[in-house]
Amino acid sequence: MGKEVNLSIILPSRIYLQEKVSSVIIPAVRADIDILPDRAPSVFALDFGLLQILNEKGGVKDSYFVHSGMAQVADNECKVMVQGIAPASEMPPHIVKKKLEEAQTEQMKLFYQMILDYQRGVRRRYLRTLQLYSKKLKQRTGLKKFVFGAFSKKETSQTKSTDKEK
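The sections below set out a description of the structure shown in this document. (Residues numbered from 1 in each chain as written. Predicted model: local features only at pLDDT ≥ 70, side-chain atom pairs only at ≥ 80, totals over all residues. Heavy atoms only, no water.)

Another aspect to go through is unusual backbone geometry. Even without a glycine there, the phi angle at Ser 68 is positive, about 45 degrees. Using a relative accessible area of 6% as the deciding quantity, one classes Ser 68 as buried. (Buried < 20%, exposed > 50% of the residue type's maximum accessible area, 1.4 Å probe, protein only.)

If you want it as structure tokens, here you go:
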């Protein structure tokens, strides 16, 4: 085997998994990202989604459903820090439906709904993660308008004229 990526999956309370892998696909907020050896250093916000560990031939070796978080890649190391994780092989639909019904928080309901969606063949970007974050940020800071990936306290004359044209 050639170069490998040292993958660490970390939960708030413990290290869940550490192993050398050929590559790993992580569910970043904007798109799924394939982490290969010698990748440029990067940091990604993770959405609810499916993390896949690939073998040398590109086939799926292991799959895990993850509950949002962050991934840091540097020097052939990929550290995935997530709030929750569930092996895909241990989540049959009847158990997921039961867990969805029993879920207490909105985030856990979203997590189990995401698993059901994957099992049904539906793939969405769970931008709710971003929507919740932006809503809280607006409330805390008083920011009003989302412009090109950043919030702005005041509108420029250019954005005002564009809004009037719409």
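Read across the open sheet, the 5 strands follow the order 4-3-6-7-10; overall the sheet is antiparallel. Across the chains shown, the open sheet's two edge strands, defined by having one partner strand only, are strand 4 (32-35) and strand 10 (85-87). On average, each strand axis in the sheet is tilted by 20 degrees relative to the strand beside it, whichever way the strands run. The pairing of strand 6 (residues 49-54) with strand 7 (residues 60-66) spans 6 bridges and is classified as antiparallel. Across the sheet, the residue bridging to Leu 54 is Val 60, located in strand 7. (Pairing = 2+ DSSP bridges. Helix = DSSP H or I, 4+ residues; strand = E, 2+ residues; numbered from the N terminus. Axes fitted to C-alpha atoms, helices over the stretch in contact; angles between N-to-C directions.)

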